[in-house]
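Listed below are the residues making up each chain.
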Amino acid sequence: MKHTAIAPEVAPALTSIRSSPHSRPLNAMTVDVEDWFQVQGFADAIPRDEWDFLACRVEANTDAVLKHFDDAGIRATFFTLGWIGERYPRLIRRIVEAGHQLASHGYGHERVDQIGPTAFRADIRRARAILEDESGVAVTGYRAPTFSIGPSTPWAHGILAEEGYRYSSSVFPVHHDLYGSPEAPRVPHRPHSSGVLELPMTTCRAFGRNLPCSGGGWFRLAPYRLFRAGLRQVNAVEQRPGIFYFHPWEIDAQQPRVWHARRLSRFRHYTGVASMPSRLNRLLHDFAWSTMEDVFAEEIGRPVLATELHAMAS
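Keep in mind that what you see is a predicted model, and the values were worked out from it rather than measured.

This part covers the environment of Phe287. Along the chain, the position of Phe287 falls in the loop between α9 (276-286) and β10 (288-290). C-alpha separation for the pair Phe287 and Arg228, spaced 59 residues apart in sequence, amounts to 9.0 Å. Every residue in contact with Phe287, bar those within four places of it in the chain, is listed here: Arg24, Asn27, Tyr224, Arg228, Leu231, Arg232 and Asn235.

Have a look at this one:
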């Protein structure tokens, strides 16, 4: 199937920021459910065939995340690996029973830009089947491992649509050595006429470039006030909702240390982990949060207009 590319400036889905019951701008809270040994930074230090023999901490850590959210009274979207769902089905059910949205992070945390279209289709199909079977709910959202959808994967959004997904949150419009599409639109858009909606990770504009304002390691490394100011700028000045993400292992200061991993990978992975729970709680109370499908309901449900299809084809 041919997937027609859209120029970055063509027909973005316009987002009007929603408000919480207390009139605060509503942002999307998301969790990428994977374990400490599955991160891309440790891929060259921990072989995939050793995963089943390592100490899994994802269940306890995700339960701790659920407690944080329950205490703050928020709902979130959990982008979950099929590998995790296969081994911890009761965890999947607890996420859904707590009122959160379940979404796919693929099956085995393989980079989309390295496995190709055929393996990608098999991966997202397998993950969705596992998550839906265990949860009993439809899984329509997807986030690529390591934000690995970009210019080199023009087929990805079309395949996601063909496999029953409705949106992706896989593009990060920044420069980074592991990922990033700095030229991508910073707003919701459809990269391809036959594909799903892309809800890119949040950035703010400063010094003529996109700066990350979405969480992850950036959130742990930067001063909290700086991050808060960036997200407030997106909400108040740009009148757009933000998307925040983190991993369950980021609140686990007792996780094993991978001393043979590269120094930069260790720095990125462990710095700020001890203070992450308190920083997260502060964030949960400083902003209003909900799921991706709640915050972006209008964009996800909006069909592609005929005028947009004409522009995409021209």
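This brings us to unusual backbone geometry. Most of the time, phi is negative for any residue but glycine, and the peptide bond is trans. One non-glycine residue with positive phi stands out, namely His109, at about 55°. Inspection of the secondary structure assignment puts His109 in the loop between β3 (101-104) and α4 (112-135). Look at His109 and you get buried, because its relative accessible area is 6%. Positioned with a positive phi, Gln239 is a non-glycine residue whose angle comes to about 55°.

Moving on, we get to a nonpolar patch on the surface. A cluster of nonpolar side chains, namely Leu221, Leu264 and Phe267, defines an oily patch on the protein surface of about 270 Å² accessible area. Here Phe267 shows up in helix α8 (residues 263-270). The exposure class assigned to Phe267 is partly exposed, which follows from its relative accessible area of 46%.

Now for the packing of aromatic side chains. Scanning the model with the defined rule gives 19 aromatic pairs in all. With a centroid separation of 6.0 Å and 50° between ring planes, the pair formed by Phe37 and Trp51 is classed as tilted. Residue Phe37 is found in the loop between β1 (26-33) and α1 (58-72), and its partner Trp51 is found in the loop between β1 and α1; the two are separated by 14 residues along the sequence. The pair Phe37 / Trp51 is uniform in exposure class, with both members buried. Ring pairs connect the aromatic residues Phe69, Phe78, Phe219, Tyr224, Phe227, Phe244, Phe246, Phe287 and Trp289, which therefore count as one cluster. Lying over the aromatic face of Tyr107, Arg126 brings its terminal NZ or CZ to 3.6 Å of the ring centre. In this structure, Arg279 packs its charged tip against the face of Phe219, placed 5.3 Å from the ring centre.

Our next topic: the pattern of salt bridges. This structure, assessed with the given rule, holds 19 salt bridges. Close ionic contact of Arg143 with Asp32 constitutes a salt bridge, the shortest N to O distance being 2.8 Å. Taken together, the positions of Arg143 in the loop between β4 (141-142) and α5 (156-162) and Asp32 in strand β1 put the pair 111 residues apart, joining distant regions of the chain. Across this residue pair, the class does not change: Arg143 and Asp32 are buried. In this structure, Glu59 engages Arg94 in a salt bridge whose closest nitrogen and oxygen atoms are separated by 3.0 Å. You can see Glu59 sitting in helix α1 and its partner Arg94 sitting in helix α3 (residues 89-97), a full 35 residues away along the chain. For Arg94, a relative accessible area of 27% translates into the label partly exposed.

The rules behind these values
Residues numbered from 1 in each chain as written. Predicted model: local features only at pLDDT ≥ 70, side-chain atom pairs only at ≥ 80, totals over all residues. Heavy atoms only, no water. Helix = DSSP H or I, 4+ residues; strand = E, 2+ residues; numbered from the N terminus. Contact = heavy atoms within 4.5 Å. Buried < 20%, exposed > 50% of the residue type's maximum accessible area, 1.4 Å probe, protein only. Patch = residues over 30% accessible without salt bridge, like charges linked within 9 Å, V, L, I, M, F, W, Y side chains within 5 Å. Areas by Shrake-Rupley, 256 points an atom, 1.4 Å probe, with all protein chains shown as cover. Salt bridge = Lys/Arg side-chain N within 4 Å of Asp/Glu carboxyl O. Phe/Tyr/Trp six-rings, centres within 6.5 Å; stacked < 30°, edge-to-face > 60°. Lys NZ or Arg CZ within 6 Å of the ring centre and 35° of its normal.

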